[in-house]
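Chain by chain, the residues run as shown.
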Amino acid sequence: MRIIICGAGQVGWQIARQLSRERHDIVLIDRDERLIQQANDALDVQGITGHASHPDVLEHAGAEDCDLLIAATASDEVNIVACQVAHALFSVPRRFARLRGTAYLLPQYADLFQAQHLPIDVVIGPEQEVALAALSRLDVPTTLDTETFMDGRVRLLAMALNEDCPILNTPLRHLDQTFFGLRAVVVGLRRAERFFAPEPNDQLHAGDHAYVVAAAEDVARTLDIFGLPSRPVERVVLIGGGNIGLAVARALDARPGISLKLIERDRDRAETAAGQLRRTVVLHGDGMAADLMAEAGVPRADAVLTLTADDRTNLLAAVRAKQAGARMVDALINDTTLMPLAANLGIDGLISPRAVTVSSILRHIRRGRVRDVYALGDSEAELIEAQVLPGSALAGQRVRDIQLPRGALIAAIEKQGAILKPRPDTRIEQGDLVLIFALSGDIEEVERLLQVSADWF
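About the criteria used
Residues numbered from 1 in each chain as written. Predicted model: local features only at pLDDT ≥ 70, side-chain atom pairs only at ≥ 80, totals over all residues. Heavy atoms only, no water. Helix = DSSP H or I, 4+ residues; strand = E, 2+ residues; numbered from the N terminus. Rg over C-alpha atoms; globule rule 2.2 N^0.38 Å. Buried < 20%, exposed > 50% of the residue type's maximum accessible area, 1.4 Å probe, protein only. Contact = heavy atoms within 4.5 Å. Areas by Shrake-Rupley, 256 points an atom, 1.4 Å probe, with all protein chains shown as cover. Lys, Arg positive; Asp, Glu negative; His and termini not counted. Charge placed at Lys NZ, Arg CZ, Asp CG, Glu CD. Axes fitted to C-alpha atoms, helices over the stretch in contact; angles between N-to-C directions. Parallel < 35°, antiparallel > 145°, perpendicular 65-115°, else oblique. Left-handed = near helix turned anticlockwise from the far one by under 90°. Nonpolar A, V, L, I, M, F, W, Y, C, P; charged D, E, K, R; others polar. Expected span 1.5 Å × (residues − 1). Phe/Tyr/Trp six-rings, centres within 6.5 Å; stacked < 30°, edge-to-face > 60°. Core = buried A, V, L, I, M, F, W, Y, C linked by side-chain atoms within 4.5 Å. Domains from an automatic or database assignment. pLDDT = per-residue confidence, 0-100. Patch = residues over 30% accessible without salt bridge, like charges linked within 9 Å, V, L, I, M, F, W, Y side chains within 5 Å. Salt bridge = Lys/Arg side-chain N within 4 Å of Asp/Glu carboxyl O. UniProt positions renumbered as here; feature names shortened; annotations may be inferred.

Section: the overall build of the protein
Within the protein one finds 14 helices and 24 strands. Whereas a compact globule of 457 residues would reach a radius of gyration of roughly 23 Å, the protein reaches 23 Å, a difference of no more than 12%. Principal-axis analysis of the C-alpha atoms gives the protein an extent of 60 × 60 × 40 Å. Within the protein, buried positions represent 54% of all 457 residues. Of all intrachain contacts in the protein linking residues separated by at least 6 positions in sequence, the fraction that spans at least 24 positions is 64%. Accessible surface, the protein as shown: approximately 20,000 Å² in total, 48% of it carbon and sulfur. Within the protein, one finds 48 positive and 62 negative side-chain charges whose respective centroids are separated by 5 Å.

Things to note about the packing of helix H5 (residues 126-139) against helix H8 (residues 243-253)
Following both chains from N to C, one finds H5 and H8 inclined at 50 degrees, their axes separated by 9 Å at the closest point. By the angle between their directions, the pair H5 and H8 is classed as oblique. Classified by chirality, the crossing of H8 by H5 is right-handed. Side by side, H5 and H8 meet where Glu127, Val130, Ala131, Ala134, Leu135 and Leu138 of the first sit next to Asn243, Ile244, Ala247, Val248, Ala251 and Leu252 of the second. Partitioned by chemical class, the residues of the contact of H5 with H8 number 10 nonpolar, 1 polar and 1 charged.

Some thoughts on helix H13 (residues 353-365)
Its 13 residues give H13 an end-to-end C-alpha distance of 19 Å, which sits within 8% of 18 Å, the value for a rise of 1.5 Å per residue. Where burial is concerned, most of H13 is hidden: 11 out of the 13 residues are buried. Those residues of H13 lying buried are Pro353, Arg354, Ala355, Val356, Thr357, Val358, Ser359, Ser360, Ile361, Leu362 and Ile365.

Topic: the packing of aromatic side chains
Applying the stated criterion to the full structure yields 2 aromatic pairs. Where Phe195 meets Tyr211, the ring centres are 5.2 Å apart and the plane angle is 65 degrees; that geometry is what we call edge-to-face. Remark: Tyr211 occurs in strand E11 (residues 209-215) and Phe195 occurs in strand E10 (residues 194-196); sequence separation between them is 16 residues. With a relative accessible area of 11%, Phe195 lands in the buried category. Owing to a relative accessible area of 8%, Tyr211 belongs among the buried residues under this scheme. Members of the aromatic cluster, joined through ring pairs, are Phe195, Tyr211 and Phe437.

Observations concerning the nonpolar core
Ranked by size, the top nonpolar core spans 43 residues in total, and within it Ile15, Ile70, Leu394, Ile428 and Leu450 carry the most contacts. Shared between two domains, this core takes at least three residues from each, and those domains are domain 1 (2-124) and domain 4 (358-450). Setting aside residues no more than four positions away along its own chain, Ile428 makes contact with Val388, Leu394, Ala395, Gly396, Gln397, Val399, Ile402, Ile410, Ile413, Lys415 and Val434. Within the second largest apolar cluster, 26 residues are counted, among which are Leu252, Met328, Ile351 and Val356.

Some details on the confidence of the model for the protein
Mean pLDDT over the protein: 90, with 98% of residues reaching 70 or higher. Taken as a whole, residues 453-457 scores under 50 in pLDDT and shows 5 contacts with residues more than four places along the chain or in a different chain.

Description of a negative patch on the surface
Taken together, the side chains of Asp56, Glu59, Glu64, Asp65 and Asp67 present a region of like negative charge at the surface. As for its position among the elements, Asp56 is in helix H3 (residues 55-60). Residue class for Asp56 comes out exposed when judged on its relative accessible area of 52%.

Considering the UniProt feature "domain: RCK C-terminal" (unreviewed entry) in the protein
As annotated in UniProt, the feature "domain: RCK C-terminal" (unreviewed entry) corresponds to residues 144-228 and 371-452 in the numbering used here. Structurally, residues 144-228 comprises 15% helix and 35% strand, and the distance from its first C-alpha atom to its last is 11 Å.

Encoded structure:
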């Protein structure tokens, strides 16, 4: 496909990098000449300096022959106009826009995004997506990352393995024999700088980050086996009451059994939050101040989420919360160069708006009957949930006979409502749902397997 990406910031850059790897024809537009020069030097893309919403710039980018426009600049209004111009002047068939303004996303304004009004096919609301990711972290607080698939019946668990993990130095193929009936698959391992799909004879080592896909009913057992038993979260402190913090607070405010405190530095935002939350205690002040942390109950908190708009504030607040005694601390981080610091600083998990937004965009780009996509790490791999179409290379095949690339494996199957762990003799039928792990270099081949063969027609 020929794809124009407006905006060479972190989201636009990552989408351009991922899609160019898959041999799409990518044009990247940004006003910042420095970012475009970096893109031309580092990525297999055509970089153009200019205003993404200007007709002459889009024409120069080849909008007349474009299959998809992704508007991901820092300005909602520029993204909207870029989609409008792409539709009105160049008849670009598909248009995605990232919109941060919460008012655009209110249900009562849903009719706004129609061809006769604002011709945007897919609206990506990153702050809503990030809020959902933050809430998901509280469901399994002993993990580094988590995501659900197959309507919540399957969950990804990213875990940091320490010396106390009971199954260290055990070949993965022995796990089936040792833990009978466990529906869990180790799909990826990060060891030092290497991220790879493990083989059956590979072993787990202390210091590894293991990415495990498990049936929701087996999550607690899986965490126990890996030495990271789940624990209930009842006392939560949020630092930051902006759009993301307030969205998380609203959801937690409605959950029974949750004691929630929210710290916000800006008085107006603190008052707004206090007016919208019924059971939550809102404190106005500096979230890094020791006395305010103590007043909010950080030393006794089951979880502290630092969700301000400033990465460094989030990192420092998270470190202070951990030092104060909080059991689990997660930080919202936009700048990926800061992420390696987290483990050394004792932070339990990171929430990446870029990764969440990239996953949301990829979900709508993937071909075949793809239902969900989640990017792992620095988009080093993906988990792809798809329905098996009649005539695809998977339909009617046993798992052992499917020619998956080396960096890919089937992590879970839903067959007639039942969640199955893939076995060599499991036959995949049309209509089944499959969850496939694939390293970035193998995604194109996995997509090919999910598509309908021309011979079927």
